[in-house]
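# Coordinates in review
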Amino acid sequence: MEKSKASVIDEIDAHRRQLSELSLKIHSNPELGFKEVRAAAWLTQYLEENGFSVERGICELPTAFRASYGQGKPAIAILAEYDALPKLGHACGHNLISTCAVGAGIASKRVVDQFGGSILVIGTPAEEIYGGKVIMAERGAFNNLDMAMMVHPETYDVATTHALACQTLEVEFFGKAAHAAASPEAGINALEAMLQSFAAINSLRQHIKSTARIHGIITDGGEAANIVPAHSAGIFIVRAEDDTYLNELKQRVINCFTGAATASGARLEYRWGDIRYAPLHNNLILAQLFKQNMESLGRQVELYPSSNAFGSTDMGNVSQLVPSIQPFVAIAPREVVIHSPQFAEAAASEAGSRGLLDAAKALAMTVVDLVTNPEIVIKVEEEFRKRND
Ligand SMILES: [Zn+2]
Ligand SMILES: [Zn+2]
């Protein structure tokens, strides 16, 4: 096993220059969700050149792909993201995620040849805005896999991720316009209904679990100060640690809006977003393997995140279907925040490149652990089944 691990490390080092170049090329050509045409083309071309069979446009998503090598069990997927953020470019470092996945996939070929199993690099577009993996999960992209892994760049090294279930809510109030000074009694104020809703949600927030989140913005607050606003609109996101609590909170949030509608006389319309992110279930056996492998490369890796920074990710939906991990690899100092211009810079830096190569090595070494130890694969499955009982 140690020999195999040394060989996957050598393989990634042999591809070091090409992987870094690929990452920088994607970084300097940022593409938004579902428009990652060039990134998907470059990644799949590189995989094909290195012996993978590639299916492009899977799940009826033109920039999604599945690259596979080898046959049979265990079927180990490494997921790639490659979408950028509006204006900020690769400020979430998805250029590193995708090249890391490609590097780990290519390095795993030799061990799959030797010990059996199959390695899949699955290209999952539009993580940032549309939750591409949620759609792909519904369309069966993650069926028949034994596990799925993906490494995300961050400012610290950790083997597990805390991500909340979440859903977006669009709200509108319809009132009645009137002259705000001459005949206010004739109007129904849709903006006041929205402001009352905010007040009710602020009150509610005191009495919800500390890990839950409710936040929103007003997207329409009226036309002019001398007209009673006949229309108001807002977008909210509700997040919770599990689906049951998310459902409960969703109802309580709607109650805030219906209460404001009753009080103001404005008519309420609302629509929950189609994409619902599931909470992330970390497979601890996979996380431990990844941690050990990353530490053997000289990095200090925590098993659990120390901070209370909760976001949501479409990887959560994958983790409901197959044993999954989404560790973080440090590419910038702690004070740099993700989704900032500084993080975009880090994603093209020397530290970014080092993070990409270390993460690819640790992923490929984890593949070695899995294909050489059928017992570990059984344990990974057992933990997953227990969690879902
Ligand atoms: Zn992001
Ligand atoms: Zn991201």
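Above: the structure in question.
A brief report on the enclosed structure follows. What you see is a predicted model, and the numbers here were worked out from it, not measured in a lab.

## Re the coordination of the zinc ion (ligand 2)
Note on the zinc ion (ligand 2): its protein donors are Cys92 (SG), His94 (NE2) and His152 (NE2). The metal-donor distances range over 2.1 to 2.3 Å. Spacing between the donor residues of the zinc ion (ligand 2) along their common chain follows C-x1-H-x57-H. The two metals, the zinc ion (ligand 2) and the zinc ion (ligand 1), are separated by 3.1 Å and share cysteine 92 as a common coordinating residue. Of this pair, cysteine 92 sits in the loop between strand 3 (75-80) and helix 4 (94-115) while histidine 152 sits in strand 6 (residues 152-154), and the two are 60 residues apart along the sequence.

## Some thoughts on the packing of aromatic side chains
According to the stated counting rule, one finds 7 aromatic pairs in the structure shown. With 6.3 Å between their ring centres and 40° between their planes, phenylalanine 173 and phenylalanine 257 make a pair best called tilted. With a gap of 84 residues between them, phenylalanine 173 in strand 7 (residues 165-174) and phenylalanine 257 in helix 7 (residues 243-264) connect regions that are remote in the sequence. Judged by its relative accessible area of 0%, phenylalanine 173 is buried. Between phenylalanine 198 and phenylalanine 236 the ring centres are 5.1 Å apart and the planes differ by 50°, which places this aromatic pair in the tilted class. Residue phenylalanine 198 is found in helix 6 (residues 190-205), and its partner phenylalanine 236 is found in strand 9 (residues 231-240); the two are separated by 38 residues along the sequence. We classify phenylalanine 198 as partly exposed; its relative accessible area is 22%. Counting every residue linked through ring pairs, the aromatic cluster contains Phe173, Phe198, Phe236 and Phe257. Above the ring of tyrosine 245, the side-chain terminus of lysine 209 is found at 4.3 Å from the ring centroid. The aromatic ring of tryptophan 272 is capped on one face by lysine 250, whose charged end is 4.6 Å from the ring centroid.

## Observations regarding the sheet that holds strand 7
Spatially, 4 strands are ordered 8-9-7-10 in an open sheet, and the strand pairing comes out antiparallel. The two strands at the open ends of the sheet, each matched to only one other strand, are strand 8 (213-220) and strand 10 (267-277). Strand-to-strand twist in this sheet, taken as the mean axis angle between neighbours without regard to direction, amounts to 20°. Here strand 8 runs beside strand 9; their pairing, made up of 7 bridges, is antiparallel. Counterpart to isoleucine 217 in the pairing with strand 9 is isoleucine 235. Together, strand 7, strand 8, strand 9 and strand 10 form the strand contacts of helix 7, whose direction differs from that of strand 7 by roughly 10°.

## Overview of empty space enclosed by the protein
Over the atoms rolls a probe the size of a water molecule, and in doing so it shows where empty space is left. According to the stated counting rule, one finds 2 cavities of 30 Å³ or more in the structure shown. In this structure, the largest cavity occupies an estimated 60 Å³ of space. As for the largest cavity, its lining consists of His281, Asn282, Asn283, Ser319, Val322, Pro323, Ser324, Glu383, Phe384, Arg387 and Asn388. Counting residues per element, the lining of the largest cavity draws most heavily on helix 12 (residues 374-388), which supplies 4 residues. Residue composition of the lining of the largest cavity, by class: 3 nonpolar, 6 polar and 2 charged. By volume, the second largest cavity is sized at about 40 Å³. As for the second largest cavity, its lining consists of Leu96, Ile97, Cys100, Val151, His152, Pro153, Val329, Gly355, Leu356 and Ala359. Elements with a contribution of two residues or more to the lining of the second largest cavity: helix 4, strand 6 and helix 11 (350-372).

## Considerations on the pattern of salt bridges
In this structure the tally under the stated criterion is 19 salt bridges. With its nearest N and O atoms 3.0 Å apart, the salt bridge here joins glutamate 48 to arginine 56. A salt bridge links arginine 276 to aspartate 243, with the shortest nitrogen-to-oxygen separation between them at 3.1 Å. Here arginine 276, found in strand 10, pairs with aspartate 243, found in helix 7; they are 33 residues apart in sequence, far enough to count as distant. One salt-bridge network, held together by shared partners, links Asp13, Arg16 and Lys361.

## Let's talk about helix 8 (residues 284-296)
Residue pairs spaced three or four apart in an α-helix point in one direction, given the helix's 3.6 residues per turn. Compared with the 18 Å implied by 1.5 Å per residue over 13 residues, the 18 Å span of helix 8 between its first and last C-alpha is a close match. Each element contacted by the buried residues of helix 8 is listed here: helix 1 (2-14), strand 5 (147-149), strand 11 (324-325), strand 12 (328-330), helix 11 and helix 12. In this structure asparagine 283 caps helix 8, since a side-chain oxygen of it lies 3.2 Å from the backbone nitrogen of isoleucine 285. Phi turns positive, to about 95°, at glycine 298, one or two residues after helix 8.

## Here's the deal with the layout of surface pockets
Taken as a whole, the largest pocket spans an internal volume of roughly 660 Å³. As for the largest pocket, its lining consists of 29 residues, of which Cys92, Glu154, Gly311, Ser312 and Ile338 are closest to the centre. Along the wall of the second largest pocket there are 16 residues; nearest its centre are Ile129, Thr168, Ile237, Ile275 and Tyr277. Residue assignment for the lining of the second largest pocket shows that the elements contributing at least two residues are strand 7, strand 9 and strand 10. By residue class, the composition of the lining of the second largest pocket is 7 nonpolar, 4 polar and 5 charged.

Conventions we followed
- Residues numbered from 1 in each chain as written.
- Chains lettered and ligands numbered in written order.
- Predicted model: local features only at pLDDT ≥ 70, side-chain atom pairs only at ≥ 80, totals over all residues.
- Heavy atoms only, no water.
- Donors = N, O, S within 2.8 Å, 3.2 Å for Na, K, Ca; no water.
- Helix = DSSP H or I, 4+ residues; strand = E, 2+ residues; numbered from the N terminus.
- Phe/Tyr/Trp six-rings, centres within 6.5 Å; stacked < 30°, edge-to-face > 60°.
- Buried < 20%, exposed > 50% of the residue type's maximum accessible area, 1.4 Å probe, protein only.
- Lys NZ or Arg CZ within 6 Å of the ring centre and 35° of its normal.
- Pairing = 2+ DSSP bridges.
- Axes fitted to C-alpha atoms, helices over the stretch in contact; angles between N-to-C directions.
- Contact = heavy atoms within 4.5 Å.
- 1 Å grid on protein atoms, 1.4 Å probe; cavity = no way out; pocket = protein on both sides within 12 Å on 5 of 7 lines; lining within 4 Å.
- Points joined across faces, edges and corners; volume = space filled by probe spheres on them.
- Nonpolar A, V, L, I, M, F, W, Y, C, P; charged D, E, K, R; others polar.
- Salt bridge = Lys/Arg side-chain N within 4 Å of Asp/Glu carboxyl O.
- Expected span 1.5 Å × (residues − 1).
- Polar contact = N/O pair within 3.5 Å; in protein donor to acceptor, adjacent residues only side chain to side chain.

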